[in-house]
Amino acid sequence: MIQLLRIELYKIFKRPRTYISFAIVTAISFIIQLAMISDGKSFIAFALQGVSEQFDIHGNVLNGYLIAYIILQSLLMQIPLLVALVAGDSLAGEAGMGTLRLLLSKPVSRMQLVLVKFMGSFIYTLLLIIWLAIIALFLSLLLFGQGDMINLKSDAFILLLKDDIMWRYAAAFAFAMLAMTTIASMSILLSAFADNSIGPIMTTMGIVVVLTILSNLELPLFSLVKPYLFTTHMIGWKGFFDDPVPYAAIGKSAFVLVAYTLIFLTATILYFNRKDIKS
Amino acid sequence: MEIILEAVGLTKSFKKHKAVDDLSFAIKRGEVYGFLGQNGAGKSTTIRMLVGLIIPDKGKVFINGTEFINGRRHLLKNIGAIIERPDMYGYLSGWDNLKMMAALSNKNIKQQRIHEVLEIVGLKGREKDRVSAYSQGMKQRMGIAIAMIHNPDLLILDEPTNGLDPQGISDMRALILSLSRDHGKTILISSHLLYEIEQVATSMLIIHKGKKLSDGRVSDLLHPDDTLTEVAIAPNEAIKASLAASAWSAYLQPANDNALLFKMNPSLIPSLNKWLVAQGAEVRSIASKHSFESYFLNITNDTAVKNRTL
């Protein structure tokens, strides 16, 4: 199994396509950081115009923590699509290349193969999130310095002291990792059904976009299903920037995401074990 | 001789189409077993069932007496296969592909073995190139290298000459014969190219529309008396009339105007030639058609199939 995983990782990281995601994350982060360097002060002034009359705000508001938060808000909707690039390709890409029959005519069980594809996608996602942390958080801290972080919500103004922030980012990244693992497992399931990778990648993107819209629509019609959509829970990481932190809600979201991941993974194994490999 | 692979009653349908229908056969150790059938006859589906890629609706596969489904992972250690095309990871080198497949075989394969296999398939010196830069012939060779990297007893080669030029086909034939004679491999080779199978196989199985038509040793199946001999002569009606009245008429088959076609043992060709010349015929060429081809065409003819399906 470890040998199989090593081979899987070797294949993933030998392929140029893998690095597109890292390049996109880097590009978006750089664009936001550049924009903030050139026009950050007016952005902050605009963002705080509603509260500046009631509060006297001093210090480095435009700091690395705030920039990282802005980048995360912008990126964490796009990252599922980047995860799908690798996870959606995992089984369908092998089928498309014809290498699935090569792999399965070796002494490798189908369940092992699915698990290794899942672990490979997990590790890729983990590295992508770590890269995001480096580029979005640490580079922003380097460029903009530290400071207390203002979290402006529609109904609240939250001030987080600079010594109380780093652990929140660590927890938020860990939660984001969980959410992206759910996306990866769904993508692998879709990948098991297909014989080329375009289908599962596009379908993953479609599902994420549609369900995210449903999760965000404030209509009574959808309020019944919203708690059960994984996209509703994917934004649970934001809870770590509330004060107090809503641990119960975050825990519930984490539970839903884990449940979805297990369901997707089990469904993939059950389906793939019976699939005729005709490609 | 010991049976290395046995298929019993293999049956597989895709929706309403029955791709393989109650197919049984056995391959003995050391044989080169030709698996023949027209395109769409069910060869690839059968081969995929043999290695567990397709799950049969009915029937069983035994490898060395063990039912495949009960010992898949263990049994696959002793099987090397190219299924349909020798697809590999094009963005990796031949060496990387071989190394990965060696690692997947669950045997402790040393680098020396990789060098050895590259030598056997004639790819030494090209192993560091990306597979995407290989010619079709090189890919087929690399496919065989991957199939045999873990030194299996049984090689399953599905259409190994597909897409090869004449030189490539000849090289592949030599390689298959060498694997059988020099390395003691049992080989199942499928093809729709009769001539290829005829050149290498010791036994064969012919299927048509998923059903077995015939199997056995090539020497038993192909009777020399069924060989077709085509004689091209200058147009001469008198010769045709003499032929019809002679003992040679027993061998005569329908043919076009400028040729005479005989179904007979090739040992009779010199006598026939002498007789034709004595009758004043201007013999332009004499060619023996492969008895294999006539056997195959005869057996896969639909009318014949109705009467001969086993």
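Refer to the preceding data block for the structure.
What counts, and where the lines are drawn
- Residues numbered from 1 in each chain as written.
- Chains lettered and ligands numbered in written order.
- Predicted model: local features only at pLDDT ≥ 70, side-chain atom pairs only at ≥ 80, totals over all residues.
- Heavy atoms only, no water.
- Helix = DSSP H or I, 4+ residues; strand = E, 2+ residues; numbered from the N terminus.
- Rg over C-alpha atoms; globule rule 2.2 N^0.38 Å.
- Buried < 20%, exposed > 50% of the residue type's maximum accessible area, 1.4 Å probe, protein only.
- Contact = heavy atoms within 4.5 Å.
- Buried area = accessible area lost by both parts, 1.4 Å probe.
- Salt bridge = Lys/Arg side-chain N within 4 Å of Asp/Glu carboxyl O.
- Polar contact = N/O pair within 3.5 Å; in protein donor to acceptor, adjacent residues only side chain to side chain.
- Expected span 1.5 Å × (residues − 1).
- Pairing = 2+ DSSP bridges.
- Axes fitted to C-alpha atoms, helices over the stretch in contact; angles between N-to-C directions.

Peer 1: Looking at this model, I keep getting lost on the overall build of chain A. Mind explaining?
Peer 2: A tally of regular secondary structure across chain A gives 12 helices and two strands. Traced from its N-terminal end to its C-terminal end, chain A shows the element sequence α-α-α-α-α-α-α-β-β-α-α-α-α-α. Taking 19 Å as the expected radius of gyration for a compact globule of 279 residues, we find that chain A reaches 21 Å, a close match to that expectation. Taken along its principal axes, the extent of the C-alpha atoms in chain A is 70 × 45 × 25 Å. When each of the 279 residues of chain A is scored for burial, the buried share is 54%. Sequence-distant contacts, at least 24 apart, represent 80% of the contacts inside chain A between residues at least 6 apart.

Peer 1: Would you mind going over the interface of chain A and chain B with me for this structure?
Peer 2: Where the parts come together, the accessible area they lose is often given as the size of the interface. Taken together, the contact pairs 29 residues of chain A with 30 residues of chain B. Buried area between chain A and chain B, summed over both chains or domains, comes out near 2,800 Å², and the portion from carbon and sulfur atoms is 59%. Taken as a group, Arg101, Lys106 and Pro107 of chain A account for 26% of the area that chain A buries against chain B, more than any other trio of residues on that side. Taken together, the links from chain A to chain B amount to two salt bridges. The partner of Asp276 of chain A in a salt bridge is Lys12 of chain B, and the shortest N-O contact between them spans 2.7 Å. There are 17 residue pairs in polar contact (both at pLDDT 80 or more) connecting chain A and chain B.

Peer 1: Is there a simple way to explain helix α3 (residues 64-75) of chain A in this structure?
Peer 2: Because an α-helix packs 3.6 residues into every turn, residues spaced three or four apart end up facing the same way. All names here are of chain A. With 12 residues, α3 should cover 16 Å at 1.5 Å per step; its first-to-last C-alpha distance of 16 Å lies within 8% of that length. With 10 of 12 residues buried, α3 is to be regarded as a mostly interior element. For α3, the complete set of buried residues consists of Gly64, Tyr65, Leu66, Ile67, Ala68, Tyr69, Ile70, Ile71, Leu72 and Leu75. Buried positions along α3 lie against α2 (18-47), α4 (79-87), α7 (110-144), β1 (149-152) and α8 (166-193). Measuring from the side-chain oxygen of the N-cap residue of α3 to the backbone nitrogen of Tyr65 gives 3.0 Å; that N-cap residue is Asn63.

Peer 1: Just checking my understanding: could you explain the sheet that holds strand β12 (residues 252-253) of chain B for this structure?
Peer 2: Residues and elements named next belong to chain B. As summarised here, the arrangement of the four strands in space is β12-β13-β11-β14, forming an open sheet in which the pairing is antiparallel. Of all the strands in the sheet, the pair left with one neighbour each is β12 and β14 (283-289). Two strands pair when backbone bridges link them, and strand β11 (residues 228-233) and strand β13 (residues 259-263) are joined in this way by five bridges, in the antiparallel orientation. Residue pairing across strands places Val231 opposite Leu260, the latter belonging to β13. Against the sheet, helix α10 (residues 269-278) touches β11, β13 and β14, its axis set at about 155° to β14.

Peer 1: What is the right way to read the pairing of strand β10 (residues 211-217) of chain B from this model?
Peer 2: On a regular strand, each side chain points to the face opposite its neighbour's, so the side chains alternate between the two faces of the sheet. Sheet analysis places strand β9 (residues 203-208) of chain B next to β10 of chain B, joined by six bridges and oriented antiparallel. Looking at β10 of chain B, one finds that Ile206 of chain B is bridged to Ser214 of chain B.

Peer 1: Help me out: how do you make sense of the sheet that holds strand β5 (residues 66-67) of chain B in this one?
Peer 2: Whether parallel or antiparallel, the strands of a sheet pair through hydrogen bonds between backbone atoms. Residue and element names in this part refer to chain B. In space, the four strands of this open sheet follow the order β2-β1-β4-β5, with antiparallel pairing throughout. Each having just a single partner strand, β2 (17-28) and β5 make up the two edges of the open sheet. Relative to strand β4 (residues 58-63), strand β1 (residues 3-14) is paired through five bridges, and the arrangement is antiparallel. If you follow Thr11 over to β4, its bridge partner there is Lys58. The sheet contacts of helix α1 (residues 43-50) involve β1, β2 and β4, and relative to β1 the element is tilted by about 120°.

Peer 1: Looking at this structure, I do not really get α1 of chain B. What am I missing?
Peer 2: A large share of α1 of chain B lies buried, amounting to seven of its eight residues. Phi turns positive one or two residues past the end of α1 of chain B, at Gly52 of chain B, with a value near 80°.

Peer 1: Before we go on, may I ask you to explain the pattern of salt bridges in this structure?
Peer 2: Following the criterion strictly, the structure yields 24 salt bridges over all chains and no others. The partner of Lys117 of chain A in a salt bridge is Glu94 of chain A, with the nearest N and O atoms 2.7 Å apart. Here Lys117 of chain A is found in helix α7, whereas its partner Glu94 of chain A is found in helix α5 (residues 92-97), with 23 residues between them in sequence. Residue Glu116 of chain B pairs with Arg113 of chain B through a salt bridge whose shortest N-O separation is 2.9 Å.

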